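A look at the structure
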Amino acid sequence: MILSEFIKPESVMIDLAAPSKNKLLASLSEQAGLALGLPVEDIYQAIHNREKLGSTGVGDGIAIPHAPVPGLEVPFGMVARLKKPVDFESVDDVPVDIVCLLLMPGQGSSPYLNVLACMARKLRSPKVVKSIRVAVLPDQVYTALCEEPA
């Protein structure tokens, strides 16, 4: 799976201000709802329910909130670099400054797992993560994630 299949340049935000994990998830849900034409509450509830199972903060300041969303037909992704890191209850207790939201169609788990694995693999690359953190423009974040080799 190729990240550019579900993350578009217009789905990248830098210096997003969010005072808390819940406000961050609400903001991302709102942006995704606008982009997808789906109810914001459905998106927020799906992500919130997934977070109740355990934090999607994977460590090193990175979180990958993900969930199936009713009415979604194809995988959708957004990337945000935060203005200030927020506590995300991550596995290593490091505040999060890079968030990759992944929303999946409700049916079948194979494409879901492929998309999640693809994103996780890319974010394991120190080169990619550094490029995201020093980016000045959203296009630079997009290039780091979708075009640079890990």
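In this report, we go over the structure that sits alongside the text. Everything numeric in this text was worked out from a predicted model, so none of it was measured. Every residue gets a number counted from 1 within its own chain, in the order that chain's sequence is written. Reporting of local features is limited, given that this is a predicted model, to residues whose pLDDT is at least 70; pairs of side-chain atoms are given and counted only at 80 or more, and all residues count toward the totals for whole chains, interfaces and linings. The basis for every side-chain value is the complete set of heavy atoms in the structure, and neither hydrogens nor water enter the calculation.

Structural notes on the packing of helix H4 (residues 126-134) against helix H5 (residues 138-146)
Inclusion rule: To obtain an axis, a line is fitted to C-alpha atoms, over the contacting stretch when the element is a helix, and the angle between two such axes runs from 0 to 180 degrees between their N-to-C directions. Segments assigned H or I by DSSP are reported as helices when at least four residues long, segments assigned E as strands when at least two residues long, and all are numbered from the N terminus. These descriptions rest on fixed angle ranges, namely under 35 degrees for roughly parallel, over 145 for roughly antiparallel, 65 to 115 for roughly perpendicular, and the rest for oblique. The criterion used for residue contact is that any of the two residues' heavy atoms lie within 4.5 Å.
Running from N to C, H4 and H5 cross one another at 175°; their axes reach a closest spacing of 8 Å. With respect to each other, H4 and H5 are oriented roughly antiparallel. Contacts between H4 and H5 involve Val128, Ser131 and Ile132 from the former and Val141, Ala144 and Leu145 from the latter.

Comments concerning the nonpolar core
In a soluble, globular protein the nonpolar side chains are often hidden away together inside. To keep things clear, this is the line we draw: In this text, buried Ala, Val, Leu, Ile, Met, Phe, Trp, Tyr and Cys residues form a nonpolar core when linked through side-chain atoms within 4.5 Å. Three exposure classes are used, based on accessible area relative to the maximum for each residue type with a 1.4 Å probe and protein chains only: buried under 20%, partly exposed in between, and exposed over 50%.
Among the nonpolar cores identified, the biggest contains 27 residues, and Ile7, Leu102, Met119, Leu123, Ile132 and Leu145 are the most heavily contacted of them. Of all the secondary-structure elements, those providing two or more residues to this core are strand E1 (7-16), strand E6 (96-104), helix H3 (110-123), H4 and H5. Counting residues per element, this core draws most heavily on H3, which supplies 6 residues. Among the nonpolar cores identified, the runner-up in size contains 26 residues, and Met13, Leu24, Ala67 and Leu82 belong to it.

Some remarks on the packing of aromatic side chains
Condition: Here the aromatic set is Phe, Tyr and Trp, taking the six-membered ring for Trp, and pairing holds for ring centres within 6.5 Å; pairs whose planes are under 30 degrees apart are stacked, those over 60 apart are edge-to-face, and all others are tilted. Charge-over-ring contacts are defined here by two conditions on Lys NZ or Arg CZ: a distance within 6 Å of the ring centre and an angle within 35 degrees of the ring normal.
In the structure shown here, the tally under the stated rule is 0 aromatic pairs. Seen from the ring of Phe88, Lys21 lies directly overhead, with NZ or CZ sitting 4.7 Å from the centre.

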